[in-house]
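Each chain, written out:
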Amino acid sequence: MELTLASAGESHGPALVAIVGGLPAGLELDRDAIDADLRRRQEGYGRSRRQQIERDRVEVLAGLRHGRTLGTPLALVVRNVDHKNWTWGMSPWPPEGEPSGKGIKPVTLPRPGHADLAGVLKYGHDDVRDSLERASARHTAVHVAAGAVAKALLAGIGIAVRGAVVDEEGLRRAVDEARKERDTVGGVVEVRATGVPPGLGSYATKEDRLDARLAFALMGIQAVKGVEVGDGFALAAMRGSQAHDEIRPDRRRDTNHAGGIEAGVSNGEEIVVRAAMKPLPTLMKPLASVDLVSGEAGQALVERSDVAAVEALAVVAEAAVAWELAGAAREKFGGDALEDFVAAHRAYLERIQWA
Ligand SMILES: Cc1cc2nc3c(=O)[nH]c(=O)nc-3n(C[C@H](O)[C@H](O)[C@H](O)COP(=O)(O)O)c2cc1C
């Protein structure tokens, strides 16, 4: 059984949508739990006023009845509350009436570090907005909603996933200093998953490797420029005798340098992955750019933006890891009904005698 996710949506368009396939029937979803994750994504030190405008909430259009999945595609929607200020500028159809609101004037000054320049060149746009609207991390909201669904599924087999900023205090200090200088900062987040049994993922092909899948999922998030599994880059400087996690008679480990994955397969220890986020590229003190119409030197677009979104990334990364683990669990345990999935998991733990 393959878990699938298709998403669409622009930053200031009417809504973000996702269609989730491959869920078992009978999974109970809690609207408040999904909305709580959407809220967590919007909060965090260094975020802008946009987050107060949005107040994200999930809507479900299909695949759910009275709070339980039907085993059919689940359609999720998160509306962009801010769209009301962009109805002309981001109208999906040719807009009627006099231009009003935001997004009327074409953006011609691409921001370094964004999709802006490469996007207009690649797609032949004459307004940078046609690229930046989708390249924006706004649509991570609907991925967080899908991640909350994945976490509900994982909870059924005792797996919990949590993301956090690695150095919260350091981040706050860096945000305060950067804000004064109208600059931005990045940071590092860590996601841990407990209760993962040995045997998710496989060494059979590179696509099956759980470490590769988690790295792909994390690198797929905007602004993530590095991923580590377990001790990651630090392993390169260690001796083999220090770097590997010795196996006790009960098959557990006293150390976890591997971050719970060996040869692309979970080994029963906690999964630990980290992602490094670059400083956000929209600066209130803009960087040098070029006006794509006049060809003259100019300053990059200034659009309301955050000083940092590292705490938000922790939530988005948590959702991405939950999504990948749920996918690997669906492949291993299958089942059309939730109870089949749970029973297959239980039977597997019995076979390998894993407590
Ligand atoms: C949760 C989250 C929020 C973000 N918020 C902003 C923002 O407010 N301003 C900004 O310039 N970039 C923001 N970004 C980063 C950009 O979306 C990203 O750097 C840009 O699309 C270019 O992609 P790349 O950094 O992966 O190369 C955010 C990223 C994430 C994950």
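Residues numbered from 1 in each chain as written. Predicted model: local features only at pLDDT ≥ 70, side-chain atom pairs only at ≥ 80, totals over all residues. Heavy atoms only, no water.

Remarks on the overall build of the protein chain
In terms of regular secondary structure, the protein chain is built from 10 helices and 15 strands. Burial statistics for the protein chain: of 355 residues in total, 47% are counted as buried. In the protein chain, 70% of the contacts between residues at least 6 apart in sequence involve partners at least 24 apart. By element, 53% of the accessible surface of the protein chain is carried by carbon and sulfur atoms, the whole surface being about 17,600 Å². (Helix = DSSP H or I, 4+ residues; strand = E, 2+ residues; numbered from the N terminus. Buried < 20%, exposed > 50% of the residue type's maximum accessible area, 1.4 Å probe, protein only. Contact = heavy atoms within 4.5 Å. Areas by Shrake-Rupley, 256 points an atom, 1.4 Å probe, with all protein chains shown as cover.)

Considering the site of the ligand
Near the ligand there are 18 residues, and of these His114, Ala223, Lys278, Thr282 and Ser305 occur at the shortest range. Contact distances for the ligand include 3.3 Å between an oxygen atom and a backbone N or O atom of Ala135. For the ligand, an oxygen atom lies 2.8 Å from a polar atom in the side chain of Lys278. Expressed as a share of its isolated accessible area of 620 Å², the protein-covered part of the ligand is 86%. (Near = heavy atom within 4 Å. Polar contact = N/O pair within 3.5 Å; in protein donor to acceptor, adjacent residues only side chain to side chain.)

Section: the pairing of strand β7 (residues 74-79)
The buried fraction of β7 amounts to 5 of the 6 residues, a majority that puts the element mostly inside the structure. As defined by bridge partners, strand β2 (residues 15-21) adjoins β7 across 6 bridges and the pair is classed as antiparallel. Each bridged residue has a counterpart across the sheet, and for Ile19 the counterpart in β7 is Ala75. When strand β4 (residues 58-62) meets β7, the two strands line up antiparallel, connected through 4 bridges. (Pairing = 2+ DSSP bridges.)

So, the environment of Val189
As for its position among the elements, Val189 is in strand β9 (residues 187-194). By relative accessible area, Val189 is classed as buried at 1%. In the structure, Val189 is positioned 23 residues away from Val166 in sequence and 5.2 Å away in space, judged by C-alpha atoms. Leave out the neighbours within four places in its chain, and Val189 touches Ala164, Val165, Val166, Val273, Arg274, Ala275, Val310, Leu313, Ala314 and Ala317.

Brief notes about the packing of helix α5 (residues 140-155) against helix α9 (residues 310-333)
In contact at an axis separation of 8 Å, α5 and α9 are set at 45 degrees when each is read in the N-to-C sense. In terms of orientation, α5 and α9 fall into the oblique class. In this structure, α5 crosses over α9, and the sense of that crossing is left-handed. Seen from α5, the contacting residues are Thr140, His143, Val144, Ala146, Gly147, Ala150, Lys151, Leu153 and Leu154; seen from α9, they are Val315, Val316, Glu318, Ala319, Ala322, Trp323, Leu325, Ala326, Ala329 and Arg330. Looking at the contact of α5 with α9 residue by residue, the classes come out as 13 nonpolar, 3 polar and 3 charged. (Axes fitted to C-alpha atoms, helices over the stretch in contact; angles between N-to-C directions. Parallel < 35°, antiparallel > 145°, perpendicular 65-115°, else oblique. Left-handed = near helix turned anticlockwise from the far one by under 90°. Nonpolar A, V, L, I, M, F, W, Y, C, P; charged D, E, K, R; others polar.)

So, the sheet that holds strand β5 (residues 64-65)
Sheet architecture is open: 3 strands sit in the order β3-β6-β5, paired in antiparallel fashion. Here the strands that pair on one side only, and so sit at the sheet edges, are β3 (25-28) and β5. Sheet topology note: the β5/strand β6 (residues 68-70) ladder contains 2 bridges and is antiparallel. Its bridge partner being in β6, Arg65 is matched across the sheet by Arg68.

A look at the pattern of salt bridges
Under the counting rule described, the total for this entry stands at 25 salt bridges. Glu190 serves as the salt-bridge partner of Arg274, at 2.7 Å between the closest nitrogen and oxygen. Of this pair, Arg274 sits in strand β13 (residues 271-277) while Glu190 sits in strand β9, and the two are 84 residues apart along the sequence. Since its relative accessible area comes to 18%, Glu190 is described here as buried. Here the salt bridges share partners, and the residues they tie into one network are Glu190, Arg192, Glu228, Glu270 and Arg274. (Salt bridge = Lys/Arg side-chain N within 4 Å of Asp/Glu carboxyl O.)

Some words on the side chain of Arg138
Counting through the fold element by element, Arg138 comes out in the loop between α4 (129-135) and α5. Note on Arg138: relative accessible area 5%, which makes it buried.

Describing the sheet that holds strand β8 (residues 160-165)
The 4 strands lie next to each other as β8-β9-β13-β10, forming an open sheet whose pairing is antiparallel. Each edge of the open sheet is held by one strand with a lone partner, namely β8 and β10 (224-229). Put simply, the sheet's adjacent strands are angled 20 degrees from each other on average, direction ignored. Pairing of β9 with β13, which is carried by 7 bridges, proceeds in the antiparallel orientation. Within the sheet, the bridge partner assigned to Arg192 lies in β13 and is Val272.

Keep in mind these numbers describe shape, not what the thing actually does.
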